[in-house]
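Residues per chain, in single letters:
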Amino acid sequence: MSDALADLRFGDVLTFLTVHRCGAITGAARALKVTPSQVSKAVHRLERQLGATLLSRSTRGVIVSDAGRRLIPQLEEVAARLQQMRPDAVTREELALAAPSYLNAVFLPRIAAELAGVVVRGLELPPALVRAYAIENFFDVALVVGPEKLPGAWVNTGVGQVRKALFCAPELARKLGAGPVDPKRLAEVPFVTPIYNFNGQFVPADDGCPLDHVKRRVGHQSQTLVVGLDLARSTGQLIFGPAIAAHAHVARGELVEVRVRGWDVREPLTLAVNGERVRARTQKLLAALVARTVDELGG
């Protein structure tokens, strides 16, 4: 490929990489603010210069060919070099992260600070929808809680464990007494519980609490854990959820963790990265950042 480098156009390389990232010619055209015809011409020109077919047609539109996937790492390196040689050329690198709302709140600001110059986009998706949307290339990176692994081109890296626990306002904690608390005592206190919307109806969601829904006194309800934690803080109710989500509330003294006899709930946290859309160096950086944050915040 080195003999062809002299004739490569920066715009053509960038256009093909944008098609790869967006998963469609029309999507790349919108991102680059050009017409689909211009995108197609740029890719065809690059294919002639490299002597390889980069895109192929499928029932779902265009996909990157096997030859294109093999060349992507080299083309990314070429684009980076050309960008350094042309400081006037402005590129907009983006990274879309799909995760539950509480993980977005914790990790998205840290990722944005770490990846200087990259525009990050947070997509709030429950775990049940992450796998479905991964197939459609709606995002580049996902944080998955539980045993689920994303298939195909996704690189799955274990980055720690999410510890779940019981939390409440300090006044309620004093009434419950020093732990570990007997689980039977919790049936007397209302819980803030998660819900989701299904066909226009609100349905209770599983929060992983060892005390079953039918044995709990239902209190306030919320579709997001972030709101649920605020409800528990302000209304004197219990809430069960990830310690990493409650970390800021606990640090400010707004909530305290209630130790319950026999409760020790932990789930694996996986960083899933689309290996065809995210550079290997960025994958390693993200894995290290997430693992470090989990350790720092206590899982």
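Our structure is the block above this text.
Rules of the game
- Residues numbered from 1 in each chain as written.
- Predicted model: local features only at pLDDT ≥ 70, side-chain atom pairs only at ≥ 80, totals over all residues.
- Heavy atoms only, no water.
- Salt bridge = Lys/Arg side-chain N within 4 Å of Asp/Glu carboxyl O.
- Helix = DSSP H or I, 4+ residues; strand = E, 2+ residues; numbered from the N terminus.
- Buried < 20%, exposed > 50% of the residue type's maximum accessible area, 1.4 Å probe, protein only.
- Core = buried A, V, L, I, M, F, W, Y, C linked by side-chain atoms within 4.5 Å.
- Contact = heavy atoms within 4.5 Å.
- Phe/Tyr/Trp six-rings, centres within 6.5 Å; stacked < 30°, edge-to-face > 60°.
- Lys NZ or Arg CZ within 6 Å of the ring centre and 35° of its normal.

Peer 1: Pulling in residues and values, what's your account of the pattern of salt bridges?
Peer 2: This model, assessed by the stated rule, comprises 15 salt bridges. The partner of Glu276 in a salt bridge is Arg69, and the shortest N-O contact between them spans 3.5 Å. In this pair, Glu276 is assigned in the loop between β12 (265–274) and α10 (280–297) and Arg69 in helix α4 (residues 66–85), connecting sequence segments 207 residues apart. Owing to a relative accessible area of 32%, Arg69 belongs among the partly exposed residues under this scheme. The residue Asp140 makes a salt bridge to Arg277 at a minimum N-O spacing of 2.9 Å. In this pair, Asp140 is assigned in the loop between α6 (127–135) and β5 (141–145) and Arg277 in the loop between β12 and α10, connecting sequence segments 137 residues apart. Among the residues examined, Asp140 registers a relative accessible area of 4% and is labelled buried. Overall, the relative accessible area of 13% leaves Arg277 in the buried class.

Peer 1: Residues and numbers for the nonpolar core, please.
Peer 2: Among the nonpolar cores identified, the biggest contains 38 residues, and Leu103, Phe107, Leu143, Leu269 and Leu271 are the most heavily contacted of them. Going through the elements one at a time, β3 (93–99), α5 (101–114), β5, β6 (154–168), α8 (225–235), α9 (243–251), β12 and α10 are the ones with two or more residues in this core. Not counting the four nearest positions on each side in its chain, Leu271 is found in contact with Val141, Ala142, Leu143, Val155, Asn156, Thr157, Val159, Gln283, Leu286, Ala287 and Val290. Counting residues in hydrophobic clusters, the runner-up holds 20 residues, among them Phe16, Leu17, Val43 and Leu75.

Peer 1: Lay out the packing of aromatic side chains in plain terms, naming residues and giving numbers.
Peer 2: Enumeration over the complete set of coordinates arrives at two aromatic pairs. A ring pair is formed by Phe139 and Trp154, whose centres lie 5.4 Å apart and whose planes are at 50°; its orientation type is tilted. Taken together, the positions of Phe139 in the loop between α6 and β5 and Trp154 in strand β6 put the pair 15 residues apart, joining distant regions of the chain. The pair Phe139 / Trp154 is uniform in exposure class, with both members buried. Measuring from centroid to centroid gives 5.7 Å for Phe240 and Trp263, while their planes differ by 85°, and the two rings are edge-to-face. Residue Phe240 is located in strand β10 (residues 239–242), and its partner Trp263 is located in the loop between β11 (256–258) and β12; the two are separated by 23 residues in the primary sequence. Phe240 gets classed as buried once you look at its relative accessible area, which sits at 4%. The exposure class assigned to Trp263 is buried, which follows from its relative accessible area of 18%. Just above the ring of Phe191 sits the side chain of Arg216; from NZ or CZ to the centre is 5.1 Å.

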